[in-house]
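Structure at a glance
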Amino acid sequence: MTMDKSLRRRAGMSGQRSVLTRAERLKKLEQADRWQEGESPFGLPKVRVYKLSLKKKKKKKAEDEEGAEKPAKAAKK
């Protein structure tokens, strides 16, 4: 039986995951000195997952050119 097209994921795991695996949580806790080797891996504290959002860079060259054109146009009038 085939899966309906609307239920398929096109890009696989392309989105941001909000849950870490136990191994990933242990690694982050170890880096923050909140867990040491030999302690129980059960009942771990929560670990925050940071979501990165990239801001678009402003085009400086286009703005500079527009800024240079406006005074030139004002001088012609």
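The structure presented is a predicted model; accordingly, all values stated were derived computationally and were not measured.

Reading the values: rules and limits
Residue positions are counted from 1 within each chain, in the order its sequence is given. Residues qualify for local features only when their pLDDT is at least 70, as the model is predicted, and side-chain atom pairs are given and counted only at 80 or more; totals for whole chains, interfaces and linings, by contrast, use all residues. Values reported for side chains reflect all heavy atoms of the structure, with hydrogen atoms and water molecules removed beforehand. Secondary structure elements are defined from DSSP: runs of H or I of at least 4 residues count as helices, runs of E of at least 2 residues count as strands, and each element is numbered from the N terminus. Relative accessibility thresholds used throughout: buried, under 20% of the residue-type maximum; exposed, over 50%; partly exposed, between the two (1.4 Å probe, protein chains only). Areas reported as accessible are Shrake-Rupley estimates using a 1.4 Å probe. Residue values count occlusion only from the protein chains shown. Here a polar contact is recorded for every N or O atom pair within 3.5 Å, except that within protein the pair must consist of a potential hydrogen donor and a potential acceptor, and residues adjacent in sequence are included only if both atoms are side-chain atoms. Contacts are residue-level and defined by heavy atoms, with any inter-residue pair within 4.5 Å sufficient.

Assigned secondary structure in the protein consists of two helices and zero strands. Burial status across the protein gives 6% buried among its 77 residues. Carbon and sulfur atoms make up 53% of the accessible area of the protein, which totals about 8,200 Å².

A few words now on the environment of Glu-24. Along the chain, the position of Glu-24 falls in helix α1 (residues 22-31). We classify Glu-24 as partly exposed; its relative accessible area is 28%. When the C-alpha atoms of Glu-24 and Val-47 are compared, they prove to be 9.5 Å apart, with 23 residues separating the residues in sequence. Only 2.9 Å separates the side chain of Glu-24 from the backbone nitrogen of Thr-21, close enough to count as a polar contact.

Here the focus is the environment of Arg-17. Checked against the element boundaries, Arg-17 lands in the segment before α1. Given the relative accessible area of 33%, Arg-17 is considered partly exposed. The residues touching Arg-17, leaving out its near neighbours within four places in the chain, are Glu-24 and Val-49.

Further remarks concern unusual backbone geometry. Across residues other than glycine, the phi torsion is negative in most instances, and most of the peptide bonds are trans. Even without glycine at this site, Asp-33 takes up a positive phi of about 55 degrees. Turning to its location among the elements, Asp-33 is positioned in the loop between α1 and α2 (60-76).

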